[in-house]
Amino acid sequence: MIRFEHVSKRYGDSLVLDDLNLEIATGEFTVLIGPSGCGKTTTLKTINRLIEPDKGKIFIDDQDTSQIDKVKLRRSIGYVIQQIGLFPNMTVEQNISVVPKLLNYDKARCNEIVRELLALVNMPYEEYAHKYPSEMSGGQQQRIGVLRALAASPPIVLMDEPFGALDPMTRRILQDEVSKLQKKLNKTIVFVTHDMDEALNMADKIIFMNKGKIVQMAAPEEMLENPADDLIRSFMGKHSIDNESLPQTAADFMRSDIYSCYRNRGVREAIQQMARRKVDTLLVKNLDETYAGTVSIKNIRNHGKDMKTIEPLITQENAVSYVDEDAQVCFDKLLNGQDSYVVVLNHDQTIAGIVTKTSMAKSLADAVWGDSQ
Amino acid sequence: MSHFIALYGKRLSSAIITHFWYVVISITIAFIIAFILGILLSRMPRRANLILPVISVFQTIPGIVFIGLLFLYNGMVPSTVVIALTIYAIFPILKNTYVGIINVSEDFKEAAKGCGMSPFQILMKVEVPLALPSIITGLRISTVYTVSWAVLAAMIGLGGLGELIYAGVSSNNNTLIIAGAIPAAIMALLFSLAIDLLRKALIPKQLRRDNK
């Protein structure tokens, strides 16, 4: 467990960490996120004492880190930085075994560690161990960066925007790999990023910081549901389930490619239309194009055999909404009623479209995944 | 040719050997001093920015003046030559060591620190290896210059290939001048080649590409 107690850090006039208190549980994947200059990287670096706080204490498993020798402390904590962090003068094998060598592991054991770790990310030892960083892609380099941090089996691993320089594809793959590794090896990981996608994808707990303070500390789900303030909401961007700003109306979700027929049409014709379009109700309009009601196949079967026109079979029981009605109200009508759709009318009573459960599902998908066209 | 060797062979070979040792000894001492001094200066870049220009001023004193002055104080002994050559050889190595180390990216140093290296380990495992291309370039410059400066040893009667050259100049004997100059040129070339081999042995080829 990592515990911050009243940690403050000041650079000149600016307070980078402002009386920070937090706890990171063992085995938890914690992501620090926030705008640049919010203190997230500083927070990370105070854990392995690359930065010393002015005030306050940090405990790892109830041991005050300021009482532990800096160099020793760092050897017991994994550290990954942006891809530049691999030593270009060392091969993959040498890079991975940096910390084990500092800890005086013997050669055979270092080699064993390198083999094991490379196998973990499916990079064959024979092919990669003797390569130099410059001979590998950014993604491969950063895999090695992660392995180097894991080499001496530290219980805690710190990662400072490790995938910031990678393309989105590689980034995603590495995020998944690191998540898997973390679960498998049960590490406590503290991860700094400014990318909410990354945070949501990986974190057990997200700590959102601004101006040296924690704004919100919550699981991804909870942060999505209840962002503590507008800044977090803006960071969530397309992810947030946003029900305050931008009220959406029924018109935003309706289908307008609908079928309707006039009220003086024959029963047979109506049946044919339903069959052709594979629907079980028809929207019916008056001769002046205004909405008249609906007619269902059930009604026709029960009563309509002898009728000439559909006129007597029209009902007006189907839920109705107007184009500018709040989408939520419209969805409520759909969910609470028996009908499979809500008819949406223009203000002149003409038919504008219908809202179905499918359109509702799409709107939810949009809110969660963004505007996937 | 055989006539020349019969006449000057002994003199030539002893001149080459003396010249060679002047260079090797001076460069070795200069390298040790420059390397240590370069590292020390890299620990205090602010002061280095004042110290380096002062040292570079010494470089502008003509060798002939310097060796002459040293001769007056130290007398006609080989150490006079070695001291003079060493002092001249220090600066290029010192400057390249300093610049090479200073230019090692902060990211590497921080990664090393984050891995739990002590400052000395960071220096020896990261900073010096990454500065090595620059350091070796400095070594080559110094060595090639020292081969030519060592000619001045003859000016105070202390041998080396300069002896043949001076003798040739004063007796108007072109053969002698060439007999001194050509071995000196070849020696500079061979030293340069040797340093190239050293470079290849010390620096992985993946690092050589971007650092000539």
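Note: the structure precedes this text.
Notes on the structure in this doc start here.

Calculation rules
Each chain carries its own residue numbering, running from 1 in the direction its sequence is written. Naming scheme: in the order in which they are written, chains are lettered from A and ligands are numbered from 1. Only residues with pLDDT of at least 70 are given local features in this predicted model, and only at 80 or more are side-chain atom pairs given and counted; all residues enter the totals for whole chains, interfaces and linings. To obtain the side-chain values, all non-hydrogen atoms of the structure were used and water was disregarded. Only runs of H or I of at least four residues qualify as helices and only runs of E of at least two qualify as strands under DSSP, and these elements are numbered from the N terminus. Under the scheme applied here, a residue whose accessible area is under 20% of the maximum for its type counts as buried, over 50% as exposed, and between as partly exposed, the area being computed with a 1.4 Å probe on protein chains only. Shrake-Rupley sampling with a 1.4 Å probe provides the accessible areas, and residues are treated as covered by the protein chains on show and by no other component. Under the convention used here, Asp and Glu are negative, Lys and Arg are positive, and both His and the chain ends fall outside the count. Where a charge lies is defined by one atom per residue type, namely NZ (Lys), CZ (Arg), CG (Asp) and CD (Glu). Whether two residues are in contact is decided by their heavy atoms: any pair within 4.5 Å suffices. Buried area counts how much accessible surface, traced with a 1.4 Å probe, disappears from two parts once they are put together, with both parts' losses summed. Any Lys or Arg side-chain nitrogen found within 4 Å of a carboxyl oxygen on Asp or Glu counts as a salt bridge. Here a polar contact is recorded for every N or O atom pair within 3.5 Å, except that within protein the pair must consist of a potential hydrogen donor and a potential acceptor, and residues adjacent in sequence are included only if both atoms are side-chain atoms.

**As for the overall build of chain B**
Check the secondary structure of chain B and you find 9 helices and 0 strands. Taken from N to C terminus, the helices and strands of chain B fall in the order α-α-α-α-α-α-α-α-α. For chain B, the C-alpha atoms occupy an extent of roughly 70 × 40 × 20 Å along the three principal directions. Classification of the 212 residues of chain B by burial places 47% in the buried group. Accessible area for chain B stands at about 11000 Å²; split by element, carbon and sulfur atoms hold 71% of it. Here chain B holds 16 positive side-chain charges and 7 negative ones, and the gap between their average locations is 6 Å.

**Comments concerning the interface of chain B and chain A**
Contacts between the two partners involve 19 residues from chain B, matched on the other side by 23 residues from chain A. Roughly 1900 Å² is buried in total at the junction of chain B and chain A, and carbon and sulfur atoms are behind 66% of that figure. The interface formed by chain B and chain A includes 1 salt bridge. A salt bridge links lysine 45 of chain A to glutamate 110 of chain B; the shortest N-O distance between them is 3.2 Å. Summed over the shared surface of chain B and chain A, the result is 5 residue pairs in polar contact (both at pLDDT 80 or more). When residues of the side of chain B that touches chain A are traced back to their parent elements, those giving at least two are helix H5 (106–114), helix H6 (119–149) and helix H9 (205–208) of chain B. The biggest single contributor to the side of chain B that touches chain A is H5 of chain B, with 7 residues.

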